[in-house]
Amino acid sequence: MEKIINKELPRGIRYISREEKVFPEKLKELSDCPKGIYVRGNLPDPDKKTVAIVGARMCSPYGRATASYFARVLAANDVQIISGLALGIDGAAHEGALLANGATFAVMACDVSTCYPRAHIELYEQIRKTGGIISEEPCGCPPLRGLFPKRNRLISVLSDLVLVVEAKKKSGSLITADFAAEQGRDIFAVPGRLEDALREGCNEQTSQGAGIAISIERMLEIIRKKKK
């Protein structure tokens, strides 16, 4: 069946079933593991550590700079960066990794041939060439609202650690963090002022036991201790 699917896929897109050796082992941890995933570009290297960086679409300039900084330094330390290509923090994280010539991967809530949001088409192309675009949704699937929470569980499970940079109290980024907690991933959050709405979600995460993201060295120490 996979051979037939692959023949019908647009050029440059692969379908990888969970029976194949290259299917990411981390995805098999999910109780609802996809039967297969679609990939444009490469998959994350299973022998390297991976950090997911997520946060608000309508982020502050400080949040954007912080996401880019963390991604850039982590990538310079041979850590892969994963996010969702959304506006704001996601895009800044991808850009930071690329600035360090690192590998970054975008997990989509639509098919891998669709760049969403369209404003990130140049970033999408860079990621496709140097990292990879990943989705469990079939070709032709649009970015439907209900698919974003579903996508977030893939972002968290593919990573060794999840970093939340900015998030309101009710935020899709916190859904990713909740999945990460259920999956046994480490979670870090960038703290902020109590009156800052974009920091409410981050402060809540730290109150629940997430690490305080003030030291990249500490994050590196934690993920390097993790088993493959």
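Rules behind the numbers
Per-chain numbering applies: the sequence of each chain, read as written, is numbered from 1 onward. It should be noted that, the model being predicted, local features are given only for residues of pLDDT at least 70 and side-chain atom pairs only at 80 or more, the latter also being counted only at that level, while totals for whole chains, interfaces and linings use all residues. Side-chain metrics rest on all non-hydrogen atoms present in the structure, leaving aside hydrogens and water. Per the convention used, a helix needs a DSSP run of H or I reaching at least four residues, while a strand needs a run of E reaching at least two, with both numbered from the N terminus. Exposure categories follow from relative accessible area, calculated using a 1.4 Å probe and restricted to protein chains: below 20% of the type maximum is buried, above 50% is exposed, and the middle band is partly exposed. Contacts: residue pairs with any heavy atoms within 4.5 Å of one another. When charges are counted, neither His nor the chain ends are considered; positive counts come from Lys and Arg and negative counts from Asp and Glu. Note on charges: their place is set at NZ of Lys, CZ of Arg, CG of Asp or CD of Glu. Note on definitions: salt bridges are taken to be side-chain nitrogens of Lys or Arg within 4 Å of carboxyl oxygens of Asp or Glu. Here the nonpolar core consists of buried residues drawn from Ala, Val, Leu, Ile, Met, Phe, Trp, Tyr and Cys, with membership extended through side-chain atoms lying within 4.5 Å. Each polar contact in these results corresponds to two N or O atoms within 3.5 Å; when the atoms are within protein, one needs to be able to donate a hydrogen and the other to accept it, and residues that are neighboring in sequence are counted only if both atoms are side-chain atoms. In this description, a line fitted to the C-alpha atoms serves as the axis of each element, helices being fitted only across the stretch in contact, and the angle between N-to-C directions of two axes falls anywhere from 0 to 180 degrees. Handedness of a helix crossing follows the sense of rotation of the near helix relative to the far helix, less than a right angle counterclockwise being left-handed and clockwise being right-handed. Residue polarity follows a fixed list, in which Ala, Val, Leu, Ile, Met, Phe, Trp, Tyr, Cys and Pro are nonpolar, Asp, Glu, Lys and Arg are charged, and the others, Gly among them, are polar. Working definition: a ring pair exists when centres of Phe, Tyr or Trp rings (six-membered ring for Trp) sit within 6.5 Å. Plane angles under 30 degrees give stacked, over 60 give edge-to-face, the rest tilted. Helices are assigned an expected span. That span is 1.5 Å times one less than the residue count.

K.L.:
Can you explain the overall build of the chain? Please cite residues and give values.
P.N.:
The helix and strand inventory of the chain stands at eight helices and nine strands. Taking the principal axes of the C-alpha coordinates as reference, the chain spans close to 55 × 35 × 30 Å. Per-residue burial for the chain yields a buried fraction of 54% across its 228 residues. A separation threshold of at least 6 residues defines the contact pool for the chain, and within that pool the share at least 24 residues apart is 72%. Averaging the coordinates of the 34 positive side-chain charges in the chain and doing the same for the 28 negative ones gives two points 3 Å apart.

K.L.:
Quick one: what's the story with the pattern of salt bridges, residue by residue and with numbers?
P.N.:
This model, assessed by the stated rule, comprises twelve salt bridges. Here Arg18 and Glu19 are joined by a salt bridge, their closest N and O atoms 4.0 Å apart. Of the charged contacts in the structure, one is a salt bridge between Glu25 and Lys28, with a shortest N-O distance of 3.1 Å. Looking at Glu25, the relative accessible area reads 54%, which means it is exposed. By relative accessible area, which is 38% here, Lys28 ends up partly exposed. A single salt-bridge network, built from bridges that share partners, covers Asp32, Glu136 and Arg153.

K.L.:
Residues and numbers for the nonpolar core, please.
P.N.:
If you look at the biggest cluster of nonpolar residues, it comprises 28 residues, and the most contacted ones within it are Leu27, Ile37, Ile82 and Val164. Breaking this core down by element, the ones donating at least two residues are β2 (36-41), β3 (50-54), β5 (104-107), α5 (147-157), β7 (161-164), α6 (172-182) and β8 (186-189). One finds Ile89, Leu198, Leu220 and Ile223 within the second-largest nonpolar core, a separate group that totals 27 residues.

K.L.:
Go over the environment of Ser215 with me, naming the residues and quoting the values.
P.N.:
Structurally, the position occupied by Ser215 is in the loop between β9 (211-212) and α8 (216-225). The sequence separation of Ser215 and Phe70 amounts to 145 residues, and the corresponding C-alpha distance is 9.5 Å. Within the local environment of Ser215, its side chain forms a polar contact with the side chain of Glu217, the two groups lying 3.3 Å apart. Looking at Ser215, its side chain comes within polar contact range of the main-chain nitrogen of Arg218, at 3.1 Å.

K.L.:
Please give an account of the packing of helix α2 (residues 61-76) against helix α3 (residues 89-99) that cites residues and values.
P.N.:
At a minimum axis separation of 7 Å, α2 and α3 run at an interaxial angle of 35 degrees. Crossing hand, α2 versus α3: right-handed. Contact residues: α2 offers Gly63, Arg64, Ala67, Ser68, Ala71, Arg72 and Ala75, while α3 offers Ile89, Ala92, Ala93, Glu95, Gly96, Ala97 and Leu99. Residue classes in the contact of α2 with α3 are distributed as eight nonpolar, three polar and three charged.

K.L.:
Explain unusual backbone geometry residue by residue, including any values.
P.N.:
For the peptide bond that leads from Tyr116 to Pro117, omega is 0 degrees, which places it in the cis range. Within the secondary structure layout, Pro117 lies in the loop between β5 and α4 (121-130). Despite not being glycine, Asp78 has its phi angle at roughly 65 degrees, a positive value. Following the sequence through the fold, Asp78 ends up in the loop between α2 and β4 (80-83). We note that Asn101 has phi near 60 degrees; this positive angle belongs to a residue other than glycine.

K.L.:
Requested: an account of the packing of aromatic side chains, with residues and values cited.
P.N.:
Under the counting rule described, the total for this entry stands at three aromatic pairs. Judged by centre distance (5.7 Å) and plane angle (70 degrees), the ring pair of Tyr69 and Phe70 falls under edge-to-face. The buried category is assigned to Phe70, whose relative accessible area is 5%.

K.L.:
Outline α2, listing residues and values.
P.N.:
Taking 1.5 Å per residue as the helical rise, α2 with its 16 residues ought to reach 22 Å, and the 22 Å between its terminal C-alpha atoms agrees with that figure. Of all the positions in α2, only Gly63, Thr66, Ala67, Ser68, Phe70, Ala71, Leu74 and Ala75 are classed as buried. Buried residues belonging to α2 abut β3, β4, α3, β7 and α8. Residue Asp78 follows α2 closely and has a positive phi angle near 65 degrees.

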